There are 2 protein chains.
Amino acid sequence: MKKLNAHNRRWLTEEIIDLLKQQERIAFRLQFLELHSTDQRFVFLSLNEQERTLVYEYITPQEFAEIFQGLDNMEQGWAARELEEEYLAKVLDEMYSDDVADFLGSLSGERQASILAALEEQGSADVRELLSYPEETAGAVMTKEFISVRSDQTIQEVIERLRRETPNAETIYYIYVTDAAGHLVGVVSLRELITSSPEKTIEKVMGKKVISTSVTTDQEDAAHLISEYDLLAIPVLTHNDVLVGIITVDDVIDILEEEATEDVGELSASRGATDVNVTAVQAAKKRAPWIVLLMFLGLITANVIGQFEETLEAVALLSAFIPLIMDSAGNTGTQSLAVAVRSLATGSVERKGVIQLLKRELGIGILLGIISAIVLIGIIRIFYGNLILAVIVATSLFLTLSVAALIGAIFPLIINKLNIDPAVASGPFITTLNDIIGLLIYFTIATSLLQYL
Amino acid sequence: MKKLNAHNRRWLTEEIIDLLKQQERIAFRLQFLELHSTDQRFVFLSLNEQERTLVYEYITPQEFAEIFQGLDNMEQGWAARELEEEYLAKVLDEMYSDDVADFLGSLSGERQASILAALEEQGSADVRELLSYPEETAGAVMTKEFISVRSDQTIQEVIERLRRETPNAETIYYIYVTDAAGHLVGVVSLRELITSSPEKTIEKVMGKKVISTSVTTDQEDAAHLISEYDLLAIPVLTHNDVLVGIITVDDVIDILEEEATEDVGELSASRGATDVNVTAVQAAKKRAPWIVLLMFLGLITANVIGQFEETLEAVALLSAFIPLIMDSAGNTGTQSLAVAVRSLATGSVERKGVIQLLKRELGIGILLGIISAIVLIGIIRIFYGNLILAVIVATSLFLTLSVAALIGAIFPLIINKLNIDPAVASGPFITTLNDIIGLLIYFTIATSLLQYL
């Protein structure tokens, strides 16, 4: 058996590109179409424009659809510009409605309309429906290609129908049961169909308690339902319980990865800028506003320190501990933030309660404060031989860490409750806030004890 | 149709707990067993010890297995202590081998051995095999409950076999084809079986290029294969290509979520401490070493500043910009770190190349440095009316950001290459490193220009 890995994937690619260059149409088709669509995509993405033109000529729109549906929106954008209108329409007609809607959603309104007009009627209507739902809702990411049957059909009849219809459905492993008005009334898995006697009606074998979601539900919530209930797909209903689509598990993985990237972005003030598919200038454009904004916050901190210029002039050594206070406050706050962000993402806040989480984080902050203060008081006494300085730094650190842990946990929770864009709760903002509080505590204590220093 | 949501889930729970309290065994079973196992687990977790004892009495080990397999290791730990040995063994005999191995892996060696001895022979052997692979490898997380057939069997024969064996297999949607020695030679999906004529042999319909993974492969790499190829399961092979297990898509979701939590942990130096299921004292124990270690790094920074005490005594105002230099260096470095961490997680580094990523981040750092320097020079001139101070801070900022972006990106890549625990590349370490570099640059420039200040 041929095993694919990074090494022979590269080797395979070179061999296939050679065939393309030599314009060996038949040999190219033979080798290329034998690959899994994921590997076809890998080969396609390593071609230059001239070679890609040959690919469009050598393979049919139906065959190219397999590659196109796996590209990201930017890649789809340039590929679509290279294709003839008619070829592109045929490619899209071949794809599942959720993938078509995802691609069209990334285009300008004008281009979207012209492409939609070229699609087959049913497909076009399906895609228009998906595009009508707000972004990132279950309605916008669902697919229309599901199988629904009536409860009075026999298992035999349903299996016969699966034989005929299977190429059009995104999954045939769950079969949804609807009434005459399209309301979802049950679900039966292919596994159950296979193991039951063929003459039974669907009514007898279907499950009646169906885990479902609604068109307006956030895509992440729908994804968590699939993950929590270990499903392969989840049905999406209108507010009247009419079944209008499904979300499959492979889309859920994409949604969860997207969400993880967002979480990381929030912790690092690079939300929307962790995309590695853009150039340095584009990325800098996205990241610069954050850096400049945070720099202004840094100026506020500078101002806070400036207020204590007299204290600093008296004891310049005090400034040596500015980074220590800042870092410790920042680290403790970020830890609590990470806990709160993951608790929100995995739904454990909902299960355990907000007060519980906050009490815990405050407790942790106080404990960390005590530990750090004790360690520090020893070190400063030994290395700087200054007990008063040690007491000032250690007391400041204790107070700062207790507050920092609480702020780190409370901020994302408030933001989440108020439905504000959580980017404002991102790590660096909390860090800066904690810096300012920490330094205020430090210099206030230092100034009041200045006479003993 | 009854729809489940957070609200009526709570209501349902109360109703069922009431039945338990009234010791209404039959009514409780009727209502409780009708629930999805995920909801049963929800109810179970909201009971007190006395109520749980009634549950163990009212439902069979086979029924309880559905709940037990969904609990996390800590919950399984206390539930197992409440169960009689014999009941627990029956529960475990009912579960898939990967879930049993996961639970036993969390116990002490002694307790593990005593439970393993009580299990049925086949199950016990399977679990021992899984436990023999290193943690977090494909071999350790795979399940032994897969279906394999021979290529000369007919589709009809295989479907008949599925009818009989389906309760024991974790998925019947992929059927793996092996030769007499157990080597994997092909795969066929249930979907293909259903749509092909029953008299054909498996040989005729099976796919021969199977995406597979090896027992020693990291679980995350295996998970990414499933996600990249949109599979429902992936076969796990020994080094001789013998099929020994499969990993299913629901486990992949868990692996990816775990990994996302790890990424967040790395960015916030709370690796292994974002677990919300532990008490404040336990969490503080896990987080304190990080905070104290980072505090020592903060003392190094203090020492760096201490070296410039003379400069600071001359111009105390210089210390006001310490936080600005530190924060900007930290923020830029963390952004680059986030990009590198996500690029490693999604495999895009492999596709685009390391040099490409580093060149891009350096470019971004230089651009951000130029932008920040220009903005800052204007502000300091206006508010502090000091051109030399403005030039010192702006030049330092420009140099610091260029270096910080590069360090943020390069660190996780080196760590990844050297197979070192990536926790050492976590956000706060890079931030502290960037702090020190930034402050060295700042004070060196300031000291050399001190006469003009």
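Scroll up to find the structure this text is about.
Every value quoted in this text rests on a predicted model; they were computed, and no experiment measured them. (Residues numbered from 1 in each chain as written. Chains lettered and ligands numbered in written order. Predicted model: local features only at pLDDT ≥ 70, side-chain atom pairs only at ≥ 80, totals over all residues. Heavy atoms only, no water.)

Caption draft 1: Up close: the sheet that holds strand 5 (residues 233–237) of chain A. Residue and element names in this part refer to chain A. One open sheet accounts for 3 strands, arranged 4-5-6; its pairing is mixed. Of all the strands in the sheet, just strand 4 (213–214) and strand 6 (243–248) have a single pairing partner and so form its edges. Pairing of strand 5 with strand 6, which is carried by 5 bridges, proceeds in the antiparallel orientation. Paired with L237 across the bridge in strand 6 is L243. (Pairing = 2+ DSSP bridges. Helix = DSSP H or I, 4+ residues; strand = E, 2+ residues; numbered from the N terminus.)

Caption draft 2: Molecular detail of the relation of the copies chain B and chain A. The two copies are related by a screw motion: chain B maps onto chain A through a turn of 180° and a shift of 0.1 Å along the axis, at an RMSD of 0.3 Å. With respect to symmetry, the two chain copies, as superposed, fit the operation of a two-fold axis. Among all residues of chain B, the minimum C-alpha distance to the rotation axis is found for B:A260, at 2.6 Å. With an isologous cut-off of 70% or more, the 100% of interface residues of chain B that recur at the interface of chain A puts this contact in the isologous class. (Least-squares fit on C-alpha atoms with pLDDT ≥ 70 in both. Contact = heavy atoms within 4.5 Å.)

Caption draft 3: Layout of the interface of chain B and chain A. Listed per partner, the contact involves 129 residues of chain B and 129 residues of chain A. A buried area of about 10,700 Å², summed over both sides, lies between chain B and chain A, and 64% of it is on carbon and sulfur atoms. Put simply, chain B and chain A have 2 salt bridges between them. With a shortest N-O distance of 3.3 Å, B:K209 and A:E34 are connected by a salt bridge. For the pair chain B and chain A, the interface holds 14 residue pairs in polar contact (both at pLDDT 80 or more). No other element matches helix 17 (residues 280–306) of chain B, which puts 19 residues into the side of chain B that touches chain A. When its residues are assigned to classes, the side of chain B that touches chain A shows 68 nonpolar, 33 polar and 28 charged. (Buried area = accessible area lost by both parts, 1.4 Å probe. Salt bridge = Lys/Arg side-chain N within 4 Å of Asp/Glu carboxyl O. Polar contact = N/O pair within 3.5 Å; in protein donor to acceptor, adjacent residues only side chain to side chain. Nonpolar A, V, L, I, M, F, W, Y, C, P; charged D, E, K, R; others polar.)

Caption draft 4: Looking closely at the nonpolar core. If you look at the biggest cluster of nonpolar residues, it comprises 178 residues, and the most contacted ones within it are A:F68 and B:F68. Not counting residues within four places of it along the chain, the set of residues in contact with B:F68 comprises B:Q76, B:A79, B:A80, B:L88, B:V91, B:L92, B:M95 and B:F103. Membership of the second largest hydrophobic core comes to 80 residues, among which are A:A288, A:V393, A:I436 and B:A283. (Core = buried A, V, L, I, M, F, W, Y, C linked by side-chain atoms within 4.5 Å. Buried < 20%, exposed > 50% of the residue type's maximum accessible area, 1.4 Å probe, protein only.)

Caption draft 5: Quick peek at the packing of aromatic side chains. Residue and element names in this part refer to chain B. According to the stated counting rule, one finds 25 aromatic pairs over all chains in the structure shown. Consider the rings of F28 and F32, whose centres lie 4.9 Å apart with planes at 15°: the pair is stacked. Linking F28 with F32, this pair stays in helix 2 (residues 25–33), spanning 4 residues, or about one helical turn. The burial state of F28 is the same as that of F32; both residues are buried. (Phe/Tyr/Trp six-rings, centres within 6.5 Å; stacked < 30°, edge-to-face > 60°.)

Caption draft 6: How the structure looks around the pattern of salt bridges. Residue and element names in this part refer to chain A. All told, the structure shown has 18 salt bridges over all chains when counted by the stated rule. Across the pair E63 and R29 runs a salt bridge whose closest N-O atoms are separated by 2.9 Å. Placement of E63 in helix 5 (residues 61–68) and of R29 in helix 2 (residues 25–33) is noted, with a sequence separation of 34 residues between them. Overall, the relative accessible area of 25% leaves R29 in the partly exposed class. Of the charged contacts, one joins K144 and E129 as a salt bridge, the two residues approaching to 2.8 Å between their closest N and O atoms. One end of the pair, K144, is in the loop between helix 11 (138–141) and strand 1 (148–149); the other, E129, is in helix 10 (residues 121–132), and 15 residues separate them in sequence.

Caption draft 7: Region of the structure containing the packing of helix 9 (residues 109–118) of chain B against helix 10 (residues 121–132) of chain B. Residues and elements named next belong to chain B. The N-to-C vectors of helix 9 and helix 10 enclose an angle of 150°; their axes lie 9 Å apart at closest approach. Here helix 9 is positioned roughly antiparallel relative to helix 10, judged by the angle of their axes. The crossing of helix 9 and helix 10 is left-handed. Where helix 9 abuts helix 10, its residues Q112, L116 and A117 lie against S124, V127, R128 and L131. When the residues that make up the contact of helix 9 with helix 10 are grouped by side-chain class, the tally is 4 nonpolar, 2 polar and 1 charged. (Axes fitted to C-alpha atoms, helices over the stretch in contact; angles between N-to-C directions. Parallel < 35°, antiparallel > 145°, perpendicular 65-115°, else oblique. Left-handed = near helix turned anticlockwise from the far one by under 90°.)

Caption draft 8: Representation of a nonpolar patch on the surface in the model. On the surface, A:L362, A:I366, A:I370 and A:I374 cluster together into a nonpolar patch covering about 320 Å² of accessible area. Among the secondary structure elements, A:L362 is positioned in helix 21 (residues 354–384). (Patch = residues over 30% accessible without salt bridge, like charges linked within 9 Å, V, L, I, M, F, W, Y side chains within 5 Å. Areas by Shrake-Rupley, 256 points an atom, 1.4 Å probe, with all protein chains shown as cover.)

Caption draft 9: Up close: the pairing of strand 5 (residues 233–237) of chain B. All names here are of chain B. Counted residue by residue, strand 5 has 5 buried out of 5 residues, so it is predominantly covered. Side chains of strand 5 alternate between two faces, with A233, P235 and L237 and I234 and V236 buried alike. Direction of pairing for strand 4 (residues 213–214) relative to strand 5: parallel, over a ladder of 2 bridges. Of the residues in strand 5, the one forming a bridge with S214 is L237. Counting the residues between successive antiparallel strands, the hairpin from strand 5 to strand 6 (residues 243–248) contains 5 residues, one of them, D241, with a positive phi of roughly 65°.

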